[in-house]
Amino acid sequence: MNSRTTIHLTALLLLLALPGPLNAVDSPGTLPGLVPRPVHMQAAGGGWTLTRKTRISAGDGTTIEADQLARDLSAPLGWRLPVVKAPPRKGDIAMVISPTDPLIGAEGYRLSVTRDRVTITASTPAGLFYGGVTLRQLLPPEAFNNHPATKRPGAFWNVGCVEIRDQPRFPWRGLLLDPARHFLPPEYVKRFVDIMADHKLNSLQLHLTDDQGWRLEIKKYPRLTQIGSRRAESPKPGDRNQGDGKPYGPFFYTQQEIRDLVAHARSKHVTLVPEIEIPGHFRAALAAHPEYSCTGGPFEVRTRWGVEPDILCPGNDAAVAFAKDVLAEVCELFPGRFIHIGGDEAPRGRWKQCPKCQARIKAEGLKNEAELQTWLNHRLEEFLASKGRRLIGWDEILEGGLTPGAAVMSWRGTDGGLTAAKAGHDVVMSPTTHCYLDYAQAKGPGEPEAIGGFVPLEKVYSFDPIPSELPPASHPHILGAQGNLWSEFLQTPQDVEYFAFPRAAALAEVLWSPATTNGFADFQLRLRTHARRLDQLGVNHRK
Ligand code: TNX
């Protein structure tokens, strides 16, 4: 490299590192740092300006999304864009529902920015919402702040003219939060939903129960939260085999808080997927109800991480009824299609010794304990189907044979998902290799303590949820993927955000953008702009 190239390179790097001007499209023709990258984007000359006179012209059926956009922009603007049921004037933002547009699927949109106006067209409210998210990303990063970006009245924001046509590659674009190990207050879960929606992520799994805590109010069984929502202590930071001596809890979500969360998530087009672990990771439930175990207990809520040998006793009719009762209340609270029953890491040793479980195996003609878990899943699946819902579980539910309608979340690699998809089951990919956002993202003394593993940003970005061995006819069975923020070592919302970002932004792009357009270098370049949005949002992202 000669010295001239070096100077040019240095100048370029300096330019990239400097905080940019207020408009996000730095010059016509360059790509603004949109994350995830849209399917099609054509920049043109000139621009549109958001001023004090800008209104949102809401076409038929668009008012809710128009109000949402006005609300999302009101904090950084310091005023609320008026939403009007009138044709757009020069300078306005127009929202249009066009139900028959074949070019935009269920969640797709077109966004047209001309000198005269911005037009967002979609065939559904979700599409309009995502068009709004893209428009906010076209504005300066300050558009993501909670406070007015400027004190100057009538201050304006520019957007370069651009035509965007966009739709997601996958319908399930998910993350998992684990309030069972370390609780996250409902207000924080709302904020997390907002941040997800800003990345066009649309599915949030809540891991509500585990050995270390039961975090959901169940009216029929008040002991679940009276006993199960607290533990005597937690593992000590720095030495997971020692206790910290600090009582933890009671922490749980009331049913009212869940209803409120569901409504909030719905407004951001995020589906909440409740996970109730059955039959394993069940110790907090057994502390409250030892009668549903194989041995009868007594038990305490687990105070160390790891896998618990005592699990639900499927040989006992009352225990099966208990599981269904819990799921009945869960179905009342969560309107989404899928109910997650966990199913992972359920050691079957107790079942081997349990006369009731052995009697069940015999009576039902089952081969072994793995088939007993399938038998249990079958009961749960029928129960959920009777309420119009579908069962999803971790890939262990494949071991004794899958029940007919079950969907699989593949975490121990992608093979389980591959097998299930080939057999005609729906699959969400969540392999530890690419999707475990609780694993370290970098090495070095400055990095926080983590559970183990190593999943750097580039690894997440390189993920393709569709295994190359899967025949094209089965591709539609891959619903998408999910990044998991298991929280043994994520004690606070700040920890969650540090582990989530920027990796969740990479996953969002994997799930939204066409596989062919993705290039890590291009993503990294756009991430510079996107990191400024995360700063404005106050997200504790890894820099
Ligand atoms: C495995 S993934 C688990 C979780 C842990 C996680 C830690 C899965 C279905 N089970 O219980 O929190 O590893 O990375």
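Being a predicted model, the structure only gives us computed values, none of them experimental. (Residues numbered from 1 in each chain as written. Predicted model: local features only at pLDDT ≥ 70, side-chain atom pairs only at ≥ 80, totals over all residues. Heavy atoms only, no water.)

*Asks:* Would you mind showing me how to read the domain arrangement of the chain here?
*Replies:* By convention, interface size is frequently given as the accessible area that disappears when the constituent parts associate. For the chain, the assigned domains are domain 1 (17–166) and domain 2 (173–512). Placing a centre on the C-alpha atoms of domain 1 and another on those of domain 2 gives a separation of 37 Å. Every contact between the two is made by 19 residues of domain 1 and, on the other side, 14 residues of domain 2. Between domain 1 and domain 2 the total buried area reaches about 1,400 Å² when both faces are included, carbon and sulfur atoms providing 51% of it. (Domains from an automatic or database assignment. Contact = heavy atoms within 4.5 Å. Buried area = accessible area lost by both parts, 1.4 Å probe.)

*Asks:* Help me understand the site of the ligand, please; the structure alone is not making it clear to me.
*Replies:* As a matter of local geometry, the ligand sits amid Arg181, His281, Asp344, Glu345, Trp394, Trp411, Tyr436, Asp438, Tyr439, Ile451, Trp486 and Glu488. Here glutamate 345 contributes a side-chain N or O atom positioned 3.4 Å from a nitrogen atom of the ligand. Note that an oxygen atom of the ligand is positioned 2.7 Å from one of the side-chain N or O atoms of glutamate 488. Protein contacts shield 94% of the accessible area of the ligand, which totals 370 Å² for the unbound molecule. Looking at the shell around the ligand, its residues break down into six nonpolar, one polar and five charged. (Near = heavy atom within 4 Å. Polar contact = N/O pair within 3.5 Å; in protein donor to acceptor, adjacent residues only side chain to side chain. Areas by Shrake-Rupley, 256 points an atom, 1.4 Å probe, with all protein chains shown as cover. Nonpolar A, V, L, I, M, F, W, Y, C, P; charged D, E, K, R; others polar.)

*Asks:* Explanation requested: the pairing of strand 7 (residues 157–166) in the structure shown.
*Replies:* Working note: regular strand, side chains alternate between the two faces of the sheet. Most of strand 7 sits out of view: seven of its 10 residues are buried. Inspection of the sheet shows strand 1 (residues 40–50) paired to strand 7 by eight bridges, in the antiparallel sense. Looking at strand 7, one finds that glutamine 42 is bridged to glutamate 163. (Buried < 20%, exposed > 50% of the residue type's maximum accessible area, 1.4 Å probe, protein only. Helix = DSSP H or I, 4+ residues; strand = E, 2+ residues; numbered from the N terminus. Pairing = 2+ DSSP bridges.)

*Asks:* Just to check I follow, could you spell out the side chain of threonine 303 for this structure?
*Replies:* In this structure, threonine 303 sits in the loop between helix 7 (283–288) and helix 8 (317–333). By relative accessible area, threonine 303 is classed as buried at 18%. A polar contact of 3.1 Å, which involves the side chain of threonine 303, links it to the side chain of arginine 304. Residues within four places of threonine 303 in sequence aside, it is in contact with Ala232, Glu233, Ser234 and Pro235.

*Asks:* Just checking my understanding: could you explain the sheet that holds strand 7 for this structure?
*Replies:* Strands belonging to one sheet form pairs held by backbone hydrogen bonds; the direction of such a pair is parallel or antiparallel. A sheet is described by the order of its strands in space; here seven strands give the open sequence 1-7-5-6-4-2-3, paired in mixed fashion. Edge positions in the sheet fall to strand 1 and strand 3 (83–84), since each has one partner strand and no second. Relative to strand 6 (residues 118–122), strand 4 (residues 93–97) runs parallel, the two sharing five bridges. Along strand 6, the bridge assignment pairs alanine 94 with threonine 119. Sitting on the sheet, helix 2 (residues 63–77) touches strand 1, strand 2 (56–58), strand 3, strand 4 and strand 7, and the angle it makes with strand 2 is about 165°. Together, strand 4, strand 5 (109–113), strand 6 and strand 7 form the strand contacts of helix 3 (residues 125–138), whose direction differs from that of strand 5 by roughly 35°. (Axes fitted to C-alpha atoms, helices over the stretch in contact; angles between N-to-C directions.)

*Asks:* Which parts of the structure should I look at to understand the pattern of salt bridges?
*Replies:* Oppositely charged side chains may form a pair once their charged atoms are brought near each other. This structure, assessed with the given rule, holds 33 salt bridges. Salt-bridge contacts for lysine 190 lead to glutamate 187; the nearest nitrogen and oxygen are separated by 3.6 Å. In this pair, lysine 190 and glutamate 187 are both assigned in helix 4 (residues 186–197), three residues apart and thus about one turn of the helix distant. Taking relative accessible area as the criterion, glutamate 187 reaches 55% and is therefore assigned exposed. (Salt bridge = Lys/Arg side-chain N within 4 Å of Asp/Glu carboxyl O.)

*Asks:* Before we go on, may I ask you to explain the environment of arginine 526 in this structure?
*Replies:* Among the secondary structure elements, arginine 526 is positioned in helix 17 (residues 520–537). For arginine 526 and lysine 219, which are 307 residues apart along the polypeptide, the C-alpha to C-alpha distance reads 48 Å. In this structure, arginine 526 is in contact with Pro32, Gly33, Leu34, Val35, Pro36, Arg37, Tyr461 and Glu509, ignoring residues within four places of it in sequence.

*Asks:* Mind showing me how you'd approach the packing of aromatic side chains here?
*Replies:* A ring pair, where both rings are aromatic, is described by two values, the distance of the centres and the angle of the planes. Going through the model one piece at a time under the given rule, you end up with 19 aromatic pairs. Judged by centre distance (5.4 Å) and plane angle (65°), the rings of tryptophan 172 and phenylalanine 338 are edge-to-face. Pair noted here: tryptophan 172 is in strand 8 (residues 172–177) and phenylalanine 338 is in strand 15 (residues 338–340), with a separation of 166 residues, a long-range link. An identical accessibility class is assigned to tryptophan 172 and phenylalanine 338; each is buried. Grouping aromatic residues by their ring pairs yields a cluster made of Trp214, Tyr221, Phe282, Tyr292 and Phe322. For the cation-ring pair, lysine 200 lies above tryptophan 512, with the distance from its terminal atom to the ring centre recorded as 5.6 Å. Just above the ring of phenylalanine 454 sits the side chain of lysine 443; from NZ or CZ to the centre is 4.1 Å. (Phe/Tyr/Trp six-rings, centres within 6.5 Å; stacked < 30°, edge-to-face > 60°. Lys NZ or Arg CZ within 6 Å of the ring centre and 35° of its normal.)

*Asks:* Hey, could you run me through the environment of glycine 174 in this one?
*Replies:* Mapped onto the elements, glycine 174 comes out in strand 8. On the accessibility criterion, glycine 174 (0% relative accessible area) is buried. Linking glycine 174 and serine 430, residues 256 residues apart in sequence, is a C-alpha distance of 9.3 Å.

*Asks:* Any chance you could explain the packing of helix 10 (residues 355–363) against helix 11 (residues 369–386) here in plain terms?
*Replies:* Each packed pair of helices is defined by two parameters, the angle between the axes and the distance between the axes. The N-to-C vectors of helix 10 and helix 11 enclose an angle of 80°; their axes lie 10 Å apart at closest approach. Relative to helix 11, the element helix 10 is oriented roughly perpendicular. Between helix 10 and helix 11, the residues in contact are Cys357, Gln358, Arg360 and Ile361 and Glu369, Leu372 and Trp375, respectively. A per-class count over the contact of helix 10 with helix 11 returns four nonpolar, one polar and two charged. (Parallel < 35°, antiparallel > 145°, perpendicular 65-115°, else oblique.)

*Asks:* Sorry if this is basic, but what is going on with unusual backbone geometry here?
*Replies:* Generally, phi is negative for residues other than glycine and the peptide bonds are trans, each holding for most cases. Residue proline 250 is reached from glycine 249 by a cis peptide bond, and omega for that bond is 5°. By secondary structure assignment, the location of proline 250 is in the loop between strand 13 (239–243) and helix 6 (255–267). At the junction of isoleucine 278 and proline 279, the peptide bond is cis and its omega measures out at 0° in the coordinates. Relative to the helices and strands, proline 279 resides in the loop between strand 14 (271–275) and helix 7. Positive phi, normally seen in glycine, also occurs at lysine 200, with a value near 65°. One can find lysine 200 in the loop between helix 4 and strand 9 (203–207).

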